[in-house]
Amino acid sequence: MTHHQEKARPRAELFACLTIATSLAFGAFATAARAETVVKWMHVETVPSNLKVWEEIAAAYHAAHPDVRVELQFLENEAFKAKLPTLLQSDAAPDFFYSWGGGVLRQQSQTGALQDLSSAMKADGGTWAKSYKPAALDGLTFDGKTYAVPYRMGTVAFFYNKQLFQKAGIKAEDIKTWNDFLKTVKTLKDAGITPIAGGGGEKWPLHFYWSYLVMRNGGQAVFDKAKKNEGDGFLDPAIIKAGEQLAELGKLQPFQGGYLGATWPQTLGVFGDGKAAILLGFENTEANQAKNAGDGKGLAADNIGRFPFPVVEGGPGKVTDTLGGLNGWAVTKKASPAAIDFLKYLTSPEQERKMAAAGMIIPAALGAEDGLKNPLMRQAADQLAGSTWHQNFFDQDLGPSVGRVVNDVSVEILSGQMSAKDGAQMIQDARALE
Amino acid sequence: MTEMTASVAAPAVALRTVKYKSPTARGRLPVLILFLPPALLLFTLFVILPMGEAAWYSLYRWNGYGTPTDFVGIRNFSVLFNNAAFTQALVNNGLIIVVSLLLQIPLAIWLAMMLAHKITGVVTFRLIFFLPYVLADVAAGLIWRFVYDGDYGLFAAIAGFFGVATPYVLADRDLAIYAVLAVIVWKYFGFHMMLYIAGLQAVDRSVLEAAEIDGATGWQKFRYVTLPLLSSTLRLSVFFAIIGSLQLFDLVMPLTGGGPSNSTQTMVTFLYTYGVTRMQVGLGSAVGVVLFVICVTLAFGYKRIFMRHD
């Protein structure tokens, strides 16, 4: 007996040692393989407080599902966009990643790198699909197939400095049409105030002007036709007219000095420092102008007003048609059921309400807006709720290559370097090259 | 005499090679088999293969997903050469080379002449002039973006002091490229200066003294003694300047990003803006191929013509 034990012990010890060594070496892997499913969540968020909210949500989910561990993976915005094509085709692909929808998402879906979620969305009488605003879900659906889970919505509108408007004797409520807007610009100039803060260095901040003018002049029908390359495409008279109106604005020289080199943060700073009266910006402009202002505080919240992009006389576009972001979480082919379940949880009204309350997002989930505390964010959410046509950013919707040409053209037309017609032709040419 | 030595030496050489050759061949083969593959593999994998791939992609219309299937022949190249932004980029690259050769290198030689001697404080000056080169390109670009800034920058302060309207140089189509050129000269002259200082220190003092005794003036000494003795350094410095100018990218991106209206685009910023961010891998690869051909032609041509004896 003793003899037997003596003999057995070394072997047992050896075995124990080996087990310890292996579990040490493979630590995380071994446990993950045995008990946990790892959900890889790739994002571009940089604001620490927002990340904290996400981490809390991930931790809460892990507490309820101990077998699922959510891993947040960060990539810087530009690096993310450049790396994604390679990443999606490799084994290191995340389960889901941040998407701006539009042409880029469509391109990704066509490569077979993404998972079609429509059947999961439609299961149980469509309970999952029905938890989102229809416009959000539509924007992430191509040919009846949904490739991303709606996360947030946004809208671009004019923000103005109330004090400066008062000084020039302007009432924002009176700006109903594009001509009213041009008049406002002139009045501001006459009062010695720089009318608009513009970010021409990054180009896309100025493409909002062209986008909105196209929407107001042509309406959804014209833009959809141009997008599908039907009829005259981007050479539609309404689109050319939009370009001419843009050139008219440019001739008034409404922007701050050196706007052609200004980045977006600089532009927000110009508005935040009270050096320009108007800014065409995102729903979160109030927070961002403060962050980028010279003193770090910017304009007081009650000094900022907001009005929608005015209509164009005779154009079919309505003032309630909105242009803005639509973000979702694109789900890759390899995503596990656990990842999809987590996404359902992440974008549920309860969680989205939390994020809205933190001032992070305008929720895409139905009934989560009541979390919004900030009045200007609330206004944006209300505008979206009453939207008659929500259009994704042109540079996203038209795909990466045509989208960038739209940005180029908008700046060229505004700065008087290109005629409206040549601009439209350039976009049409880029469309043909796709 | 030569004939005789040759005839005498010939059998000996022949004999030696016959004896000598086979053991080396036998001895070298295992060495080759053992030591060549790792380097060859790495070089093939990371240099030859990507170059071949780029050439292949440049014939397709491809957005980077899946495998390229849409063969378009040389269309990417014709698009490229009909693109106003690309021709502007070529012109700019040419301009950068010209400025590097006509401004930067003379400046570097001039400063090197002053700093090659052992005077007190010379090390400090060398350090100061060399400092811009040590700085990361992106950091230098950002610093100069602040300097040029029309609202808060040094230029705004200077303009304010003289009471004139601030020039927004980086936002001006006509001025932006010159602003970028100034930064390029500022950034890289220190590197060339260091090359010349090293070259000057190798110049034999006695030659210069001889010239002095012969009554040569300062300029004559420089033109007929120093410069010829510096010629190998000069050829090297010009070579670096040309190749560096062609590949310029990270200084331009933070300064202007190629704007306004593509007026400061270089070939590589064009590649990045039109190829990478627009996900037109085919077109981007075509730029890469053009850049590669230009670089290789210039490098080999230059080496063959000017650096034969170095």
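Residues numbered from 1 in each chain as written. Chains lettered and ligands numbered in written order. Predicted model: local features only at pLDDT ≥ 70, side-chain atom pairs only at ≥ 80, totals over all residues.

## Considering the environment of phenylalanine 223 of chain A
Residue and element names in this part refer to chain A.
Here is step 1: In this structure, phenylalanine 223 sits in helix α9 (residues 204–227).
Here is step 2: Sequence-wise, phenylalanine 223 and isoleucine 239 are 16 residues apart; in three dimensions their C-alpha atoms are separated by 8.3 Å.
Here is step 3: Here phenylalanine 223 is in contact with Val214, Met215, Gly218 and Gln391, once residues within four sequence places are set aside. (Helix = DSSP H or I, 4+ residues; strand = E, 2+ residues; numbered from the N terminus. Contact = placed C-beta atoms within 7 Å.)

## Section: the sheet that holds strand β12 (residues 362–363) of chain A
In a beta sheet, neighbouring strands are held together by backbone hydrogen bonds and run either parallel or antiparallel to one another.
Residue and element names in this part refer to chain A.
Here is step 1: Taking strand neighbours across the sheet as the criterion, the 6 strands line up as β2-β1-β3-β11-β6-β12 in an open arrangement whose pairing is mixed. Here the strands that pair on one side only, and so sit at the sheet edges, are β2 (68–74) and β12.
Here is step 2: In terms of strand pairing, strand β6 (residues 148–153) meets strand β11 (residues 326–331) through 5 bridges, oriented antiparallel. Directly across from valine 149, in β11, lies its bridge partner tryptophan 329. (Pairing = 2+ DSSP bridges.)

## Comments concerning the domain arrangement of chain A
Residue and element names in this part refer to chain A.
Here is step 1: Looking at chain A, the domain boundaries give domain 1 (34–154 + 325–390) and domain 2 (157–324 + 398–433).
Here is step 2: Averaged C-alpha coordinates put domain 1 and domain 2 at centres separated by 28 Å.
Here is step 3: Domain 1 puts 20 residues into the contact, and the matching count from domain 2 is 19 residues.
Here is step 4: Every element with two or more residues in the side of domain 1 that touches domain 2 is listed here: α4 (102–110), α15 (375–385) and β13 (389–392).
Here is step 5: At 6 residues, the largest contribution of residues to the side of domain 1 that touches domain 2 is made by α15. (Domains from an automatic or database assignment.)

## Describing the confidence of the model for chain A
Here is step 1: Counting all residues, the mean pLDDT for chain A is 88, and 92% of those residues have values of 70 or more.
Here is step 2: A low-confidence stretch, residues 1–34 of chain A stays under pLDDT 50, and its non-local contacts, those more than four residues away or across chains, total 3 contacts. (pLDDT = per-residue confidence, 0-100.)

## Quick notes on helix α9 (residues 218–246) of chain B
Residue and element names in this part refer to chain B.
Here is step 1: Taking 1.5 Å as the rise per residue, α9 with 29 residues should run 42 Å; its terminal C-alpha atoms sit only 35 Å apart, a clear shortfall.
Here is step 2: Of all the bends in α9, the greatest, near 55°, is centred on serine 231.
Here is step 3: Three or more residues of α9 are buried, namely Thr226, Leu230, Thr233, Ser237, Ala241 and Ser245. (Expected span 1.5 Å × (residues − 1). Bend = angle between axes of the 7 residues up to and from the residue. Buried ≥ 20, exposed ≤ 12 C-beta atoms within 10 Å, placed from the backbone.)

## Quick word on the interface of chain B and chain A
Here is step 1: Facing the 20 residues of chain B at the interface are 19 residues of chain A.
Here is step 2: Looking at side-chain class alone, the side of chain B that touches chain A contains 8 nonpolar, 11 polar and 1 charged residues. (Nonpolar A, V, L, I, M, F, W, Y, C, P; charged D, E, K, R; others polar.)

## Structural notes on unusual backbone geometry
Here is step 1: Of note, aspartate 143 of chain A is a non-glycine position whose phi angle comes to about 50°, a positive value.
Here is step 2: When you line up the elements, aspartate 143 of chain A lands in the loop between β4 (141–142) and β5 (145–146).
Here is step 3: Look at aspartate 143 of chain A and you get exposed, because 6 C-beta atoms sit within 10 Å.
Here is step 4: In the Ramachandran plot, methionine 279 of chain B falls in the positive-phi region, its phi being about 55° despite a non-glycine side chain.

## Quick look at the sheet that holds strand β9 (residues 304–307) of chain A
All names here are of chain A.
Here is step 1: Pairing within the open sheet is antiparallel, and its 3 strands lie in the order β8-β7-β9. The open sheet has two free edges, formed respectively by β8 (278–281) and β9, since each of these has just one partner strand. Adjacent strand axes in the sheet meet at a mean angle of 30°, parallel and antiparallel pairs treated alike.
Here is step 2: In the sheet, strand β7 (residues 157–161) pairs with β9 via 4 bridges, with the strands oriented antiparallel. (Axes fitted to C-alpha atoms, helices over the stretch in contact; angles between N-to-C directions.)

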